[in-house]
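One letter stands for each residue in the lines below.
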Amino acid sequence: MEKIFKLTQSAVETLAEKYGTPLLVLSLEQIEHNYRFLTENLPGVKIYYAVKANPDERIVRTLADLGSCFDVASDGEMLALTELGIAPDRMVYANPFKTHNGLAVAKRTGVYKFTFDSESEIYKMAKAIPGGTVLLRVRVDNPKALVDLNKKFGAHPDDALRLLKIAREQGLDVAGLCFHVGSQSLSADAYVDAINICRRLFDDAAKEGFKLRILDIGGGFPIPAIDTEVDALAITRTIREMLEKNFSDIEIWAEPGRFICGTTVNLITRVIGTQHRNSQQWYFLDDGLYGTFSGVIFDHWDFELLTFKPDVEKIPATFAGPSCDSLDVMFRDKMTVPLEMDDIILVPNCGSYTSASATVFNGFAKTTRIVWEDVKQEIETIPLAAATSNRTL
Ligand SMILES: *Cc1c(COP(=O)(O)O)cnc(C)c1O
């Protein structure tokens, strides 16, 4: 993952001038780069992009054109993708607990691939979509993930055979197993453990007459973040070796979310106020915790703030968003060069679990999004001085 989308100072200043702030700039070339990284390093693995990480229509269209499939979790996601012309057999409804609306929309749109981890869900699926294709989600513990989803989802391996048998009795097409090691998994260990568990369960199931044919290794592939060493190449290499050794004749799926979209968006935000409170420096920005920085809460993400100021001694500061709620504080004691009113801040790696979970609380509209490849020619050919002095551009 050597390539990461990061705007230059002149592009940031020109874009801020032309489109105002806050502004999200998406690179579709980076989407393609990330998708190809996975298909090249995990050859033969079918990619189901987890739409919840960033449902932006341009991202979905770009991936659809590249041949990607999609992991959807709700009626809304299935309808949005159907509207974009994506066929139902390119979607897996990978929410272990589906709503009544969700199942009704699956039936209407023709989505027939599901995951589950409980007995109650089997009866729901069998009733709504008789003969549907199902994967049992197995629990894998991963304390090294930033977001450990196995506290909420996944059947215990000891319970797997019982559930597979009930699903078969209910007439479902029992096709395989899936797991999700948790988001931003920093090592391959959890994948190795999970693949070993699944190999054992495939063998146990074969003894009971099952012909499992699909293994879905979920998402969780990490992107570079502050203070973390991420080696995506090493992780994919380990996974590839494990799959070749254990599942060479099985169809493999993966459900990356963050990895595909995380590095593809830059946020341009601006200082709209400075204040000294209780001997701390505060900076108020025009995007906040209820907006693009929602990932601080929902995704436990630490964002990198880049300024284009001279590199002087840093100070600890508090960064707050524009709303009137006291919760709207993104960072405390964050080291920064001293900032002034109207200073521009560039925040890279804003593509996953950011705009997707942003709200319009307090009347602040969702941050405007533009596509870098739509504007870059124009930006790159405008000399900076002309761009910043001409407001009608
Ligand atoms: C959220 C989710 C993903 C994507 O996770 P990332 O960490 O963003 O890769 C994949 N599969 C399922 C079932 C999910 O819920």
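Residues numbered from 1 in each chain as written. Predicted model: local features only at pLDDT ≥ 70, side-chain atom pairs only at ≥ 80, totals over all residues. Heavy atoms only, no water.

Engineer: I tried to follow the packing of aromatic side chains on my own but got confused; where do I start?
Structural biologist: For any pair of aromatic rings, geometry is given as the distance between the ring centres together with the angle between the planes. Inspection of the entire model under this criterion finds 14 aromatic pairs. Here Phe-5 and Trp-372 contribute two aromatic rings whose centre-to-centre distance is 6.3 Å and whose plane-to-plane angle is 45 degrees, an arrangement assigned as tilted. In this pair, Phe-5 is assigned in the segment before helix H1 (9-19) and Trp-372 in helix H12 (residues 372-381), connecting sequence segments 367 residues apart. A single burial state applies to Phe-5 and to Trp-372, both of which are buried. Centre to centre, the rings of Phe-202 and Phe-247 are 4.9 Å apart; their planes meet at 75 degrees, and the pair counts as edge-to-face. Within this pair, whereas Phe-202 is found in helix H8 (residues 189-207), its partner Phe-247 is found in the loop between helix H9 (232-246) and strand S11 (251-254), the two being separated by 45 residues in sequence. Of the two residues, Phe-202 and Phe-247, neither departs from the other in class, the shared state being buried. The ring of Tyr-93 carries the charged tip of Lys-98 above its face, separated from the ring centre by 5.6 Å. For Lys-334, the ring lying beneath its charged end belongs to Phe-331, and the centroid distance is 4.2 Å. (Phe/Tyr/Trp six-rings, centres within 6.5 Å; stacked < 30°, edge-to-face > 60°. Helix = DSSP H or I, 4+ residues; strand = E, 2+ residues; numbered from the N terminus. Buried < 20%, exposed > 50% of the residue type's maximum accessible area, 1.4 Å probe, protein only. Lys NZ or Arg CZ within 6 Å of the ring centre and 35° of its normal.)

Engineer: Looking at this structure, how should I read the site of the ligand?
Structural biologist: As a structural note, the neighbourhood of the ligand is formed by 14 residues, with Lys-52, Ser-183, Glu-255, Arg-258 and Tyr-353 the closest of them. At a separation of 3.1 Å, a nitrogen atom of the ligand approaches a polar side-chain atom of Asp-71. The contact in question runs from an oxygen atom of the ligand to an N or O atom on the backbone of Gly-257, over 2.9 Å. Relative to its unbound accessible area of 390 Å², the ligand is 92% covered by the protein chains. Across the shell around the ligand, the residue classes break down as four nonpolar, five polar and five charged. (Near = heavy atom within 4 Å. Polar contact = N/O pair within 3.5 Å; in protein donor to acceptor, adjacent residues only side chain to side chain. Areas by Shrake-Rupley, 256 points an atom, 1.4 Å probe, with all protein chains shown as cover. Nonpolar A, V, L, I, M, F, W, Y, C, P; charged D, E, K, R; others polar.)

Engineer: What should I look at first to understand the environment of Arg-199 in this one?
Structural biologist: If you trace the backbone, Arg-199 turns up in helix H8. Under the relative-accessibility criterion, Arg-199 is labelled partly exposed at 22%. As a C-alpha pair, Arg-199 and Val-45 span 154 residues in sequence and 17 Å in three-dimensional space. Other than its neighbours up to four places away in sequence, Arg-199 contacts Asn-246 and Phe-247. Polar contacts involving the side chain of Arg-199 include one to the main-chain carbonyl oxygen of Asn-246, which spans 2.6 Å. (Contact = heavy atoms within 4.5 Å.)

Engineer: Help me understand the environment of Arg-270, please; the structure alone is not making it clear to me.
Structural biologist: Inspection of the secondary structure puts Arg-270 in strand S12 (residues 265-277). In this structure, the C-alpha to C-alpha distance between Arg-270 and Ile-252, residues 18 residues apart in sequence, is 44 Å. Apart from the residues within four sequence positions on either side, Arg-270 is in contact with Ala-16, Thr-21, Phe-284, Leu-285, Asp-286, Asp-342, Asp-343 and Ile-344. In terms of polar contacts, Arg-270 uses its side chain to reach the side chain of Thr-21, at 3.3 Å.

Engineer: Please explain the pairing of strand S13 (residues 280-285) as it appears in this structure.
Structural biologist: In the case of a regular strand, side chains alternate between the two sheet surfaces. Of all the six residues making up S13, five are buried; the element is thus mostly covered by neighbouring parts of the structure. Hairpin remark: S12 followed by S13, antiparallel, with two residues in the connecting loop; positive phi at Asn-278, about 45 degrees. The pairing of S13 with strand S15 (residues 315-320) spans four bridges and is classified as parallel. Residue pairing across strands places Phe-284 opposite Ala-320, the latter belonging to S15. (Pairing = 2+ DSSP bridges.)

Engineer: Help me understand helix H2 (residues 28-41) in this model?
Structural biologist: In this model H2 runs 20 Å from its N-terminal to its C-terminal C-alpha over 14 residues, within 8% of the 20 Å that 1.5 Å per residue would give. Looking at H2, one finds that the buried residues are Leu-28, Gln-30, Ile-31, His-33, Asn-34, Tyr-35, Phe-37, Leu-38 and Asn-41. Two or three places before Glu-29, at the start of H2, stands the capping residue Ser-27, its side-chain oxygen 3.4 Å from that residue's backbone nitrogen. (Expected span 1.5 Å × (residues − 1).)

Engineer: Please explain the domain arrangement of the protein as it appears in this structure.
Structural biologist: The figure often quoted for interface size is the accessible area lost as the parts come together. Domain annotation for the protein reports domain 1 (28-261) and domain 2 (265-392). Placing the centre of domain 1 and that of domain 2 at their C-alpha centroids yields a distance of 33 Å. Contacts between the two partners involve 18 residues from domain 1 and, on the opposite side, 19 residues from domain 2. Both sides together, the interface formed by domain 1 and domain 2 hides about 1600 Å², and carbon and sulfur atoms give 52% of it. The largest per-residue losses of area from domain 1 upon contact with domain 2 belong to Leu-146, Ile-226 and Arg-258, which jointly make up 29% of the total buried on that side. Here domain 1 and domain 2 share four salt bridges between them. For the side of domain 1 that touches domain 2, the secondary-structure elements that each account for two or more residues are H2, strand S7 (145-147), strand S9 (183-185) and helix H10 (258-261). Of the residues contributing to the side of domain 1 that touches domain 2, the split by class is ten nonpolar, three polar and five charged. (Domains from an automatic or database assignment. Buried area = accessible area lost by both parts, 1.4 Å probe. Salt bridge = Lys/Arg side-chain N within 4 Å of Asp/Glu carboxyl O.)

Engineer: Mind showing me how you'd approach the side chain of Arg-258 here?
Structural biologist: Residue placement: Arg-258 occurs in helix H10. Among the polar contacts listed, one links the side chain of Arg-258 to the side chain of Asp-299, at a separation of 2.9 Å. With near-sequence residues (within four places) excluded, Arg-258 lies in contact with Ala-53, Leu-146, Ser-183, Gln-184, Phe-221, Ile-223, Asp-299, Trp-301, Ser-352 and Tyr-353.

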